[in-house]
Structure formats: C-alpha cells, structure tokens
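Structure assessment
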Amino acid sequence: MMIRRTTLLGTCALALLAAVASAAEAGAATRLSVYTALENEQLAPYKKAFEADNPGIEIEWVRDSTGVVTAKLLAEKDNPKADVVWGLAASSLMILDAQGMLMPYQPKGAEALKPSFRDAKTPPAWVGMDAWMAAICFNTVEAEKKKLPKPTSWADLLKPEYKGQIVMPNPASSGTGFLAVSGWLQTMGADKGWSYMDKLNDNVALYTHSGSKPCKMAAAGEYPIGISIEYTGAQQKTKGAPIDVILASEGVGWEMEATAIVKGTQKAEAAKALADWAASRKANEEYVNFYQVTAHPGVTKETPNYPKNAEAAMIKTNDFAWAAANRDRILADWEKRYGAKSEPKS
C-alpha cells in the first residue's frame, strides 16, 4: 500500500511539474534573432521601446558593421539564422532580395512613409527607417596646430597639405564607407570617381572597419580629418570635442537603414509585429533621436550640433538599385587599389 501511495504521489508530482513547465513555456516570450548594423548606442533604446509595446516578444541582437552583417546573411542563405533584419543598408537588403532571401510584407501604416523609403514592389521586401550620410569631421584644434585649412568640399580633401591627415571607412566593411564611394561614382561618373579616389588615397592614412570610428578618431585628435557619419559628428561635438561637422558642397552620398523579414523564419507573426512597429510613427520618433532624416514625413527634430539643412545636401539621384547591383565589382576594384591601407580586422 505504501509503495502504491508513493508511486501515486510521484506521478502526481511529475504531472504537476509538467503542467507548470507547459504554462511557463506558453507564457515565455518569443525570441527574435535580429541582425543589425545599428550603432551600439541605438540598440538599448530601440529594444526597450519595442518590447514595451510588444511584451510577448524579446529581441536578441546580432550586431556588426554593414559589410559583415551582409556577408553573414549571405553565408547563411541555405540555413538562415536571423528572423528579422532591423537597421541594415537598403542596398544590402536589395542584394538579399535578389537572392530570394526576404519575405515580402507590407507593414501596417507603411503607406504613410515617404515613397523613397519604401521598396517599390507590392508587397515590399523592405521598408526604410532613416537616412545617414557621409560627412567630414574636422578637428579645429589639431588643424590649427598643423596649419591646415578647413575643407568645405570633397575636392578640398585632395590638397597636398592633407597628406596623411585623413581617415575614412573601408567600404567593404562599412556602410558609411560604401555610401561615400557610391556617391562619388554616381555624381562624378566612373572615370572621374576612381581618379578622385586615387588622389584621395594619397592623403588617407588609414581605412577603418567602422563607419563611426573616423569621426571618433578625429574627435580624439588622432587625426584632424575623418570621413564618417554626420550624426556621430554631432554627438562628438555635443560631448565637447573640438570638431566641425561639414557636409561637402558638391552634395553627399547617403544611405537608408531599413527593415526586412528573413524568408524561412519560424516566427513569422512575431517578425511581422516587429516590422509593423519599425514602420510606425513611434519607431520613427526613436530614430530621429539619432538621424534627423526619417522615413516618416511628420517626424523631425532639432539635434544639437547637427548640420543644418542636411536633407538638402543629400545627392538627389541616389540609385540604390545600381549600388546594390554593382557592389561586388566596386568593392573588388576598391580593395585592389586601396586595401593595403586598411586597419587589421579584429
């Protein structure tokens, strides 16, 4: 009798444990693997804001620079590990779309966004978030020590007095580097664009693997000039760095960050919820804390030390489809010409 009671109690305990585990599993948050090239300081506020509105979903970031994330996604094509891409260059997403790697989806409210920030297909494969652009971060203190004039244009950076004084991102690893190169090639044409970069390379001391790093290096006084991200420049200046943030007079190359769902995700409903939120006005109100140009036409904000009239400085004929289609060719040519000056990969 005692054995039967013990067995019965054990069976009941196991059943209770199974019920508790089942209930816990049912109430557990859905974890989305989200690949991104967002800057590190953007990750926490975006995650917090999204999860506050979607308590049943948890974001697990996989973060690196644009080129690295793009390469990782392409390498995982036959066995995708990401559920969503949130904050990657639209030109990179176009490459993934051409490979059939994205799940078309029309986020709720996407029709309210600027047409130029939406994939033209119906339903779209990706939806834009914000725009960032190439800027010149100029350390006024270091420049004065070295008697360097303040540049106002891309052409100015070819002056012989700037030899060894400039750092910029490697376009193979950095979206900022690629948008600068793409902008030069589109506005100058191939021959003049490569000729320009040949001459610029004579003045470049180092190519970094991060788009924000050249501006941070300029802010720290390591080099007087960094070709970098405009919002990083504004941040560094607000923190007290002696830098000017300059948008070149010829116009600046730019790129948009965008969101897409990875085809094959087993968490499609949660992925759609993230895509919906990423296209919302509330999300754009988060984006504008970093970039003044957002996908939502009604969302703007004055940011301390951010370049004035930034949207007007963006090159008007920015062909993302061309940039995506020619990316591999451009990067291969760039690497042959200038890769020897790249910093070692960590």
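Below is a summary of the structure that appears in this document. Everything numeric here is computed off the predicted structure, so don't read it as measured data.

Rules and cut-offs
Residues numbered from 1 in each chain as written. Predicted model: local features only at pLDDT ≥ 70, side-chain atom pairs only at ≥ 80, totals over all residues. Heavy atoms only, no water. Helix = DSSP H or I, 4+ residues; strand = E, 2+ residues; numbered from the N terminus. Buried < 20%, exposed > 50% of the residue type's maximum accessible area, 1.4 Å probe, protein only. Expected span 1.5 Å × (residues − 1). Polar contact = N/O pair within 3.5 Å; in protein donor to acceptor, adjacent residues only side chain to side chain. Disulfide = S-S within 2.5 Å.

Considerations on unusual backbone geometry
- The linkage connecting Thr-122 with the following residue, Pro-123, adopts the cis geometry, with an omega of -5°.
- As for its position among the elements, Pro-123 is in the loop between β4 (102-103) and β5 (127-139).
- At Lys-147, a position not held by glycine, the phi torsion is positive, near 60°.
- By the element assignment, Lys-147 lies in the loop between α5 (140-145) and β6 (166-169).
- By relative accessible area, which is 70% here, Lys-147 ends up exposed.
- One non-glycine residue, Asn-305, lies in the positive phi region at around 65°.

Overview of helix α6 (residues 175-188)
- The end-to-end C-alpha distance of α6, which contains 14 residues, comes to 20 Å, matching closely the 20 Å that a straight helix rising 1.5 Å per residue would cover.
- Burial within α6 is extensive, with 11 of its 14 residues counted as buried.
- Residues of α6 that are buried include every one of Gly-175, Thr-176, Gly-177, Phe-178, Leu-179, Ala-180, Val-181, Ser-182, Gly-183, Trp-184 and Leu-185, and no others.
- The N-capping residue of α6, defined by a side-chain oxygen 3.1 Å from the backbone nitrogen of Thr-176, is Ser-174.
- Within two residues after α6, Gly-189 carries a phi angle of roughly 90°, on the positive side.

So, the state of the cysteines
- Counted under the stated rule, the structure contains 1 disulfide.
- The disulfide that involves Cys-137 links it to Cys-215, with 2.1 Å between the sulfurs. Note on the Cys-137 and Cys-215 pair: the S-S dihedral is about -95°, so by sign convention the disulfide is left-handed. On the criterion of sequence distance, the pair formed by Cys-137 in strand β5 and Cys-215 in helix α8 (residues 213-219) is long-range, its members being 78 residues apart. Here Cys-137 and Cys-215 have matching classes, each one buried.

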